[in-house]
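Survey of secondary and tertiary structure
Residues per chain are reported as follows:
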Amino acid sequence: MEYRLPVDLEVIAFLDSLQKNARKRLLDHFVRLRATPDQYSDSHEDDQIGRRIEISVVAEYAIHYWIDFADRHVKILTIKPADR
């Protein structure tokens, strides 16, 4: 059973600002995250309340997301430039 994929409104606005190829690459990665989110984490950090936030790097972007195992959600919180 796949996870649901709630996406922050700022992430949607960011995706809308990208060129078509970059947007497609990120959306394709979102689909992979929805299927198996724990397999794509490149690193992690804790948020203000101690939740583990996963970071998956795709091309020049770092996708920050939270896996809510109880609700079966992968919550896309933000996309930032990757530090490579």
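Structure: see above.
Now for a description of the structure that goes with this document. Model, not experiment: these values are computed from the prediction.

**Focus: the overall build of the protein chain**
The helix and strand tally for the protein chain stands at two helices and four strands. Reading the helices (α) and strands (β) of the protein chain from amino to carboxyl end gives α-α-β-β-β-β. At 12 Å, the protein chain has a C-alpha radius of gyration in line with the 12 Å of a compact globule built from 84 residues. Burial analysis of the protein chain (84 residues in total) assigns 35% to the buried set. Long-range pairs, those at least 24 residues apart, make up 44% of the contacts in the protein chain between residues at least 6 apart in sequence. Per element, the accessible surface of the protein chain, about 5,600 Å² overall, is 49% carbon and sulfur.

**Quick word on unusual backbone geometry**
At A59, a position not held by glycine, the phi torsion is positive, near 55°. With respect to the helices, strands and loops of the structure, A59 is situated in the loop between strand 2 (52-58) and strand 3 (61-68). Notably, R72 is not glycine yet its phi reads approximately 55°, a positive angle. Assignment of secondary structure puts R72 in the loop between strand 3 and strand 4 (73-81). With relative accessibility at 27%, the residue R72 sits in the partly exposed group.

**As for the nonpolar core**
Core analysis: the largest hydrophobic core is formed by 16 residues, its most contacted members being L26, F30, I63, I76 and I79. Among the secondary structure elements, those contributing two or more residues to this core are helix 1 (9-17), helix 2 (20-35), strand 3 and strand 4. If near-sequence neighbours (up to four positions away) are discounted, L26 is found in contact with L15, L18, V58, Y61, I63 and I79.

**Quick look at the sheet that holds strand 1 (residues 43-46)**
With respect to topology, four strands assemble into an open sheet ordered 1-2-3-4, the strand pairing being antiparallel. Across the chains shown, the open sheet's two edge strands, defined by having one partner strand only, are strand 1 and strand 4. The average angle at which neighbouring strand axes cross in this sheet is 30°, direction not considered. Two elements, strand 3 and strand 4, share eight bridges in a ladder whose sense is antiparallel. When the sheet's bridge partners are listed, D68 is paired in strand 4 with H73. Most of the contacts of helix 1 go to strand 4, to which it runs at about 50°, and overall it touches strand 3 and strand 4. Contacting strand 2, strand 3 and strand 4, helix 2 runs over the sheet at an angle of about 25° to strand 3.

**Here's the deal with the packing of helix 1 against helix 2**
Where helix 1 contacts helix 2, the two axes come as close as 9 Å, and the packing angle between them is 140°. As the angle between them shows, helix 1 and helix 2 are arranged oblique. Each of V11, L15 and D16 in helix 1 lies in contact with helix 2, whose residues at this interface are R23, L26, L27 and F30. Partitioned by chemical class, the residues of the contact of helix 1 with helix 2 number five nonpolar, no polar and two charged.

Calculation criteria
Residue numbering note: each chain is counted from 1, following its sequence as written. Per-residue local features of the predicted model are confined to residues with pLDDT of at least 70, and side-chain atom pairs are confined, for both listing and counting, to 80 or more; whole-chain, interface and lining totals are unaffected and use all residues. Calculated side-chain values reflect all of the structure's heavy atoms, with hydrogen atoms and water omitted. Helix and strand assignments follow DSSP, with helices taken as H or I runs no shorter than four residues and strands as E runs no shorter than two, numbered in order from the N terminus. Radius of gyration: over C-alpha atoms. The globule rule applied is 2.2 Å multiplied by the number of residues raised to the 0.38 power. Think of it in three bands: residues with accessible area under 20% of the maximum for their type are buried, residues over 50% are exposed, and the middle band is partly exposed, with areas taken using a 1.4 Å probe on protein chains only. By definition in these notes, contact holds between two residues if any of their heavy atoms fall within 4.5 Å. Shrake-Rupley sampling with a 1.4 Å probe provides the accessible areas, and residues are treated as covered by the protein chains on show and by no other component. Only buried residues count toward a nonpolar core. Its members are Ala, Val, Leu, Ile, Met, Phe, Trp, Tyr and Cys residues joined through side-chain atoms within 4.5 Å. In this description, strands pair whenever DSSP reports at least two bridges between them. In this description, a line fitted to the C-alpha atoms serves as the axis of each element, helices being fitted only across the stretch in contact, and the angle between N-to-C directions of two axes falls anywhere from 0 to 180 degrees. Roughly parallel refers to an angle under 35 degrees, roughly antiparallel to one over 145, roughly perpendicular to one between 65 and 115, and oblique to any angle outside these ranges. Polar here means any residue other than Ala, Val, Leu, Ile, Met, Phe, Trp, Tyr, Cys and Pro, which are nonpolar, and Asp, Glu, Lys and Arg, which are charged; Gly is therefore polar.

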